[in-house]
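Structure at a glance
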Amino acid sequence: MSAALVAGLLAGYGIALPVGAVAAYLVALTARTSLRTGVAAALGVATADGLYALIAVVGGATITPFVQPVTVPLRWASGIVLIVLAVRSAVAALGLRRGGPAQARADAAPPTPARAYVSLLAITVMNPMTVVYFAALVLGSDITATTTRPQQAVFVVAAFAASAGWQLCLAGGGALLGRLLTGSRGRLVTTLASSVLITVMAVHLLLAAPP
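What counts and how
Residues numbered from 1 in each chain as written. Predicted model: local features only at pLDDT ≥ 70, side-chain atom pairs only at ≥ 80, totals over all residues. Heavy atoms only, no water. Helix = DSSP H or I, 4+ residues; strand = E, 2+ residues; numbered from the N terminus. Buried < 20%, exposed > 50% of the residue type's maximum accessible area, 1.4 Å probe, protein only. Contact = heavy atoms within 4.5 Å. Areas by Shrake-Rupley, 256 points an atom, 1.4 Å probe, with all protein chains shown as cover. Expected span 1.5 Å × (residues − 1). Arc of directions from axis to C-beta. pLDDT = per-residue confidence, 0-100. Core = buried A, V, L, I, M, F, W, Y, C linked by side-chain atoms within 4.5 Å.

Observations regarding the overall build of the protein chain
- Assigned secondary structure in the protein chain consists of 9 helices and 0 strands.
- Mapped from its N terminus to its C terminus, the protein chain presents α and β elements in the order α-α-α-α-α-α-α-α-α.
- Across the 211 residues of the protein chain, 39% fall into the buried class.
- Relative to all contacts within the protein chain whose residues are 6 or more apart in sequence, the contacts with residues 24 or more apart total 88%.
- Surface summary for the protein chain: the accessible area is close to 10,600 Å², and the carbon and sulfur share equals 73%.

A short note on helix H1 (residues 2-16)
- For H1, which comprises 15 residues, the first-to-last C-alpha distance of 21 Å matches the rise-based estimate of 21 Å (1.5 Å per residue) to within 8%.
- Residues of H1 that are buried include every one of Ala4, Ala7, Gly8, Ala11, Gly12 and Ala16, and no others. Projected down its long axis, H1 carries its buried residues within an arc of 150°, all on one side. Among the exposed residues of H1, those oriented more than 90 degrees off its buried face are Ser2, Ala3 and Leu10.

Focus on the confidence of the model for the protein chain
- When pLDDT is averaged across the protein chain, the result is 74; 64% of the residues are at 70 or more.
- Here helix H4 (residues 64-67) stands out as the element of the protein chain with the lowest mean pLDDT, 62, in contrast to helix H6 (residues 113-125), whose mean of 90 is the highest.

Side note on the nonpolar core
- Counting 13 residues, the largest nonpolar core has Tyr25, Leu26, Leu29, Ala41 and Leu120 as its most contacted members.
- Only helix H2 (21-32), helix H3 (35-59), H6 and helix H8 (149-180) provide two or more residues apiece to this core.
- Per-element tally for this core: the top contributor is H2, with 4 residues.
- Ala7, Val57, Phe155 and Ala159 belong to the second largest nonpolar core, which has 7 residues in total.

Comments concerning the environment of Ala202
- Structurally, Ala202 is set in helix H9 (residues 184-207).
- A residue is classified by how much of its surface remains accessible, and Ala202, at 0% relative accessible area, is buried.
- For the pair formed by Ala202 and Val84, sequence separation is 118 residues and the distance between their alpha carbons is 10.0 Å.

Written out as structure tokens, the structure is:
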């Protein structure tokens, strides 16, 4: 049981720790909204990681061949969605800067925690490399030789917990950043910077897709 716990924790941290476009968006989203919204978004990312961990444990070697044919379309979809989110964030920030508080109420339209959860869950699910990562990890570990349901459950829960822990740290960092940069200029700069970063990462994701 302890081996499944350690394997699950390593799997969760392994997929969550690399800071990519989704992580940058999570931090920026929390900074301009609230910790509650950021926590919901973080749990959306972790839920996707947990689902993929479950798929990898249950599917094992059989899942990867089914994922390979849709890897490129999913990568393009993920990159396009991220670019749209980055552009929307930048446009909203510029609108707030020009219009002041009244315009802020009209244009900001911050997502509700439920909407943030669903949005980040969908974006993370679009990343086919997550399921490929978990499938490869399961195939190369002792989890595949472990057929008991409790040990498989421990692996999945541990992967979810590790991912959730890291994503919540990112959300907390975004909330702290939002408190430190309370002025409109500070929020404008950080939002535009995050939008540029997300766009660059999304473009890199698209360029990495084979023709």
